[in-house]
Amino acid sequence: MSGSKPDILWAPHHVDRFVVCDSELSLYHIESAVSSELKAGSLRLSEETTATLLSINSDTPYLKCVAWYPKYDPECLLAVGQANGRVVLTSLGQDHNSKSKDLIGKEFVPKHARQCNTLAWNPLDSNWLAAGLDKHRADFSVLIWDISSKYTPETPVAAEKVRLSSGDTEAGLVVTKPLYELGQNDACLSLCWLPRDQKLLLAGMHRNLAIFDLRNTSQKMFVNTKAVQGVTVDPYFHDRVASFYEGQVAIWDLRKFEKPVLTLTEQPKPLTKVAWCPTRTGLLATLTRDSNIIKLYDMQHTPTPIGDETEPTIIERSVQPCEHYIASFAWHPTNQNRMVVVTPNRTMSDFTVFERISLAWSPITSLMWACGRHLYECTEDGKASSLEKDIATKMRLRALSRYGLDTEQVWRNHVLAGNEDPQLKSLWYTLHFMKQYTEDMDQKCTGNKGSLVYAGIKSIVKSSMGTTENLRHSRSGSDRQADIIQYLSEERSLALQLCGWIKKGTDLDVEPFLYSLEQEGDWERAAAVALFNLDIRRAIQILNKGASSGKGDLNLNVVAMALSGYTDEKNSLWREMCSTLRLQLNNPYLCAMFAFLTSESGSFDGVLYESNVAVRDRVAFACKFLTDAQLNRFIDKLTNEMKESGNLEGILLTGLTKDGVDLMESYVDRTGDVQTASYCMLQGSPSDVLKDERVQYWIENYRNLLDAWRFWHKRAEFDIHRSKLDPSSKPLAQEAQSQMKRWILARTRNWPSSTTGFPGATTVGTVVMLDTCLAGSGTILNARFLPVPANVCSWIQRGILSRQR
């Protein structure tokens, strides 16, 4: 405390009391605010707390510094340093026990009057009180008083001088003989006792920091520095000390006292106070003159310096407890990160510094964060549906179900994924049809159609340009026949196979596909596919069957009746009523059926651009009814839409090509599902797409995820699966085994077949040569044995171990 600016001190043993010191001492009691209305005599400190004035002490004029007695008894004993160098013991409480009566009013008087700058009670031997004074050429500046001392002036002249200067104070309450005198012909600006040893006192002298050992006062350890004000010890790290000078804070390590381990540069304004937080490790608060900002330096994670030039890193923050300039502040002794600040006009604020929140994600998507001394954990709700779960949780559950590893019935992988995502279902059916067709082509050895299949329908339809035949067909089941042009080619038939409408071969029968849709209860889609194949009678039959099952759309009977009255007359009442009915239907397939029946010749936009109809159905429809030019334009436009949106149904169009990688990149960017991306791209191998950096990135990230989840066996299964589909990739364990094999063979190539070639050899050992090894399993399939001496055998073992490390 300097000048008339107030300072603030918390009671060491009463966490609800503090004292404000300026020209007088004022004791306050802090309590929770029960209501918004203040009680008489109370001050509002915050929204939650108020303070009530308990007592005022005006008996100690010219006070310059105050220190609260550290022990519980007497409870409100304070030492006050005055402008004339005297130290006076006073009290703010109502404690009238004998010990308190003997101490209150006691004065400790130096030989020569000068200002007392600082006071510090010894935390262990509480009878010792250190006082730091200004310089006097014939006196000491650091005096350590024993408050229980009975010393009185040695001569009558000295006694009379003390009596006159102290007014009516009783001579027995004046002590003039300190227990220790230190720092001759110097000035002491700050003091603190070192907790590691009650005999050590750290003093900020005029031009140096000095450590005095009271067991040998003739010697001291010191370092020259200007940062001698406000010395204070970190309560959690007793070898760390802070001090300041003007606008800089110096952090010292007493084990390396030659220079500061860290220097904190403040604003141009000089500092007025620094203080370590008593409830938080390594948190230092600083205050500058004429400022309403308190700066905080977090040194909790500061490493111990290794070299002379190493400076630890810190985290700096600023808090603003109030709008007005702050005169002083004080940390609460027990409440975490809480402080009270006081302004020059004695306005006070109760303030809590909120901790920075540190977040951590676990590999299994649990979220944990730390705030202060509290640790919180948030886990995903196990009752959430699969669609609501985080993608990491979905991938983890899918990995447990061996998702992506079914290479025989590829379509089943969407079932292993939970059978809830229509895009995944479309993807795996597409890959299933591609694999199925490719295997069939391999058996027949038919040209390069196998590679064309994996290039997607976009490439297939481009290859059919100029080979398409057009045929006229009429709608079966209608009394009024209308010819509709359909287009046919070998490539279009292949596209229909990939869409799942027809089976392998030249037969264009969609009946097996319709039967499978009926089994799944997908009545609307089955009826639409039947109609798109110009079989109105079959479509009506499916709709009636769906209506009787009670599981289909409520309008199935109405639609069936409407289809039965089909006419191709453009101005008929039927066409008008169907156009109206179409607008009232919610199911996209039922809407597409009426759009098809009421469309103008060659214009099928109502079907092709019905976004809720599956992409494979729209593509199959286009392959049947669009010309080559129309089909190519439609496929190009749809492919671009799929790539931009990252829709997995678009793999049917792009195949496992560069366009497919672009589409998958959009999908991964949107969902983060590197698992599906990895398994999908592996299906197309051997292919150039596996050499794409993006594909390799997805694969390595998925492998890292499996490792993070500790799915070691799942990762090994994935590596084996990858090596089967992509022979160019070799599992890491197998590659390491091959390197070990080559290493041992290179060193045993010229060994003799018996021990006679090794001088001094007496015992024969055995070296096992691994020829092949299952990836990651360690199962030996073939081995070769070499007889060698025991000493050579141990040399090989050491080499193997070092190679493994």
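For the structure itself, look to the data block above.
What counts, and where the lines are drawn
- Residues numbered from 1 in each chain as written.
- Predicted model: local features only at pLDDT ≥ 70, side-chain atom pairs only at ≥ 80, totals over all residues.
- Heavy atoms only, no water.
- Helix = DSSP H or I, 4+ residues; strand = E, 2+ residues; numbered from the N terminus.
- Buried < 20%, exposed > 50% of the residue type's maximum accessible area, 1.4 Å probe, protein only.
- Contact = heavy atoms within 4.5 Å.
- Areas by Shrake-Rupley, 256 points an atom, 1.4 Å probe, with all protein chains shown as cover.
- Pairing = 2+ DSSP bridges.
- Axes fitted to C-alpha atoms, helices over the stretch in contact; angles between N-to-C directions.
- Parallel < 35°, antiparallel > 145°, perpendicular 65-115°, else oblique.
- Left-handed = near helix turned anticlockwise from the far one by under 90°.
- Nonpolar A, V, L, I, M, F, W, Y, C, P; charged D, E, K, R; others polar.
- Phe/Tyr/Trp six-rings, centres within 6.5 Å; stacked < 30°, edge-to-face > 60°.
- Lys NZ or Arg CZ within 6 Å of the ring centre and 35° of its normal.
- 1 Å grid on protein atoms, 1.4 Å probe; cavity = no way out; pocket = protein on both sides within 12 Å on 5 of 7 lines; lining within 4 Å.
- Points joined across faces, edges and corners; volume = space filled by probe spheres on them.
- Arc of directions from axis to C-beta.
- Polar contact = N/O pair within 3.5 Å; in protein donor to acceptor, adjacent residues only side chain to side chain.
- Disulfide = S-S within 2.5 Å.

(A) Looking closely at the overall build of the protein chain. Helix and strand counts for the protein chain come out as 24 helices and 36 strands. Taken over 805 residues, the protein chain has a buried fraction of 49%. Contacts in the protein chain between residues far apart in sequence, at least 24 positions, make up 51% of those at least 6 positions apart. In the structure as shown, the protein chain presents an accessible area of about 39900 Å², 50% of it carried by carbon and sulfur atoms.

(B) Up close: the sheet that holds strand β15 (residues 188-193). Taken together, the four strands give an open sheet; going across it, the order is β15-β16-β17-β18, and neighbouring strands pair in antiparallel fashion. Sheet topology places β15 and β18 (220-224) at the edges, where each strand pairs with a single neighbour. The sheet shows a mean angle of 15° between the axes of neighbouring strands, direction not considered. With five bridges connecting them, β15 and strand β16 (residues 200-205) associate as antiparallel partners. When the bridges of β16 are listed, Cys192 appears paired with Leu202.

(C) Highlighting the sheet that holds strand β20 (residues 237-245). Sheet architecture is open: four strands sit in the order β19-β20-β21-β22, paired in antiparallel fashion. Looking along the sheet, the strands with just one partner apiece sit at the ends: β19 (229-234) and β22 (262-265). Neighbour-to-neighbour, the strand axes of the sheet open up by a mean angle of 20°, direction not taken into account. By the bridge criterion, six bridges tie β20 to strand β21 (residues 248-253) in an arrangement that is antiparallel. Looking at β21, one finds that Tyr245 is bridged to Gln248.

(D) Main features of the packing of helix α9 (residues 511-520) against helix α11 (residues 536-549). Relative to each other, α9 and α11 sit at 15°, their axes nearing to 12 Å. In this view, α9 runs roughly parallel relative to α11, as classed from their interaxial angle. Once α9 is placed against α11, the crossing between them reads as right-handed. Residues Glu511, Leu514 and Glu518 of α9 form the contact with α11, whose own contacting residues are Arg538, Ile542 and Lys545. In the contact of α9 with α11, the residues fall into two nonpolar, no polar and four charged.

(E) Up close: the environment of Ala275. The residue Ala275 is located in strand β23 (residues 271-276) in this model. In this structure, the C-alpha to C-alpha distance between Ala275 and Asp234, residues 41 residues apart in sequence, is 8.6 Å. Residues within four places of Ala275 in sequence aside, it is in contact with Leu283, Leu284, Ala285, Phe329 and Trp331.

(F) Representation of the packing of aromatic side chains within the structure. Under the counting rule described, the total for this entry stands at 25 aromatic pairs. Centroid distance Trp369 to Tyr376: 5.7 Å. Interplanar angle 20°. Geometry classified as stacked. Classification of Tyr376 by relative accessible area gives partly exposed; the value is 37%. Taken together, Tyr403, Trp428, Tyr679, Tyr702 and Phe718 form an aromatic cluster joined through their ring pairs. The side chain of Lys273 reaches across the aromatic face of Phe329, ending 5.2 Å from its centre. Just above the ring of Tyr403 sits the side chain of Arg398; from NZ or CZ to the centre is 5.6 Å.

(G) Region of the structure containing the layout of surface pockets. Quantified by volume, the second largest pocket comes out at close to 880 Å³. Together, 39 residues line the second largest pocket, and Tyr429, Phe433, Phe513, Arg525 and Arg616 are the ones closest to its centre. Those elements that place two or more of their residues in the lining of the second largest pocket are α5 (422-444), α8 (490-499), α9 and α16 (615-625). Of the residues assigned to the lining of the second largest pocket, the class counts are 16 nonpolar, eleven polar and twelve charged.

(H) Region of interest: the pairing of β22. Burial of β22 is one-sided: the residues Leu262 and Leu264 facing one way are buried, the residues Thr263 and Thr265 facing the other way are not. Where β21 meets β22, four bridges bridge the pair, whose relative direction is antiparallel. Opposite Ala250, over in β22, you have Thr263 as the bridge partner.

(I) Focus on α9. Within α9 the residues assigned to the buried category are Phe513, Leu514, Leu517 and Glu518. Considered in projection along α9, the buried side chains sweep an arc of 140° and stay on one side of the axis. Residues of α9 that are buried make contact with α10 (523-532) and α11. Once α9 finishes, Gly521 follows within two positions and takes phi at roughly 80°, a positive value.

(J) Representation of the side chain of Arg114 within the structure. Residue placement: Arg114 occurs in the loop between β9 (107-108) and β10 (116-121). Residue classification places Arg114 among the buried positions, given a relative accessible area of 8%. A polar side-chain atom of Arg114 sits 2.9 Å from the main-chain carbonyl oxygen of Asp134. Those residues within four positions of Arg114 in sequence are excluded, and the remaining contacts are Ala83, Asn84, Gly85, Leu133, Asp134, Lys135, His136, Asp139, Phe140 and Ser141.

(K) Region of the structure containing unusual backbone geometry. Phi at Asn185 takes a positive value of approximately 55°, unusual for a residue other than glycine. Inspection of the secondary structure assignment puts Asn185 in the loop between β14 (180-184) and β15. On the accessibility criterion, Asn185 (40% relative accessible area) is partly exposed. Even without being a glycine, Arg346 presents a positive backbone phi close to 70°. For Arg346, a relative accessible area of 22% corresponds to the partly exposed category.

(L) Quick peek at the state of the cysteines. Scanning the entire structure with this criterion turns up zero disulfides. Left without a disulfide partner, Cys65 is nearest to the cysteine sulfur of Cys116, which lies 3.8 Å away. Residue class for Cys65 comes out buried when judged on its relative accessible area of 6%.

(M) Just the environment of Cys680, in detail. Relative to the helices and strands, Cys680 is located in helix α20 (residues 674-682). Given a relative accessible area of 0%, Cys680 falls into the buried group. Separated by 253 residues in the primary sequence, Cys680 and Leu427 have C-alpha atoms spaced 8.3 Å apart. Every residue in contact with Cys680, bar those within four places of it in the chain, is listed here: Leu427, Leu431, Leu656 and Met664.

(N) Structural context of the packing of helix α21 (residues 693-708) against helix α22 (residues 712-725). Across the interface, α21 lies against α22 with an axial gap of 8 Å and an inter-helix angle of 155°. By the angle class used here, α21 and α22 are roughly antiparallel. Residues Gln696, Ile699, Glu700, Tyr702, Arg703, Leu706 and Asp707 of α21 form the contact with α22, whose own contacting residues are Trp712, Lys714, Arg715, Phe718, Asp719 and Arg722. Each residue belonging to the contact of α21 with α22 can be placed in one class, and the counts come to five nonpolar, one polar and seven charged.

(O) Spatial organisation of the side chain of Ser243. Topologically, Ser243 is positioned in strand β20. The contact partners of Ser243, leaving out residues within four places of it in the chain, are Leu209, Ala227, Gln229, Gly230, Val231, Gln248, Val249, Ala250 and Trp252.

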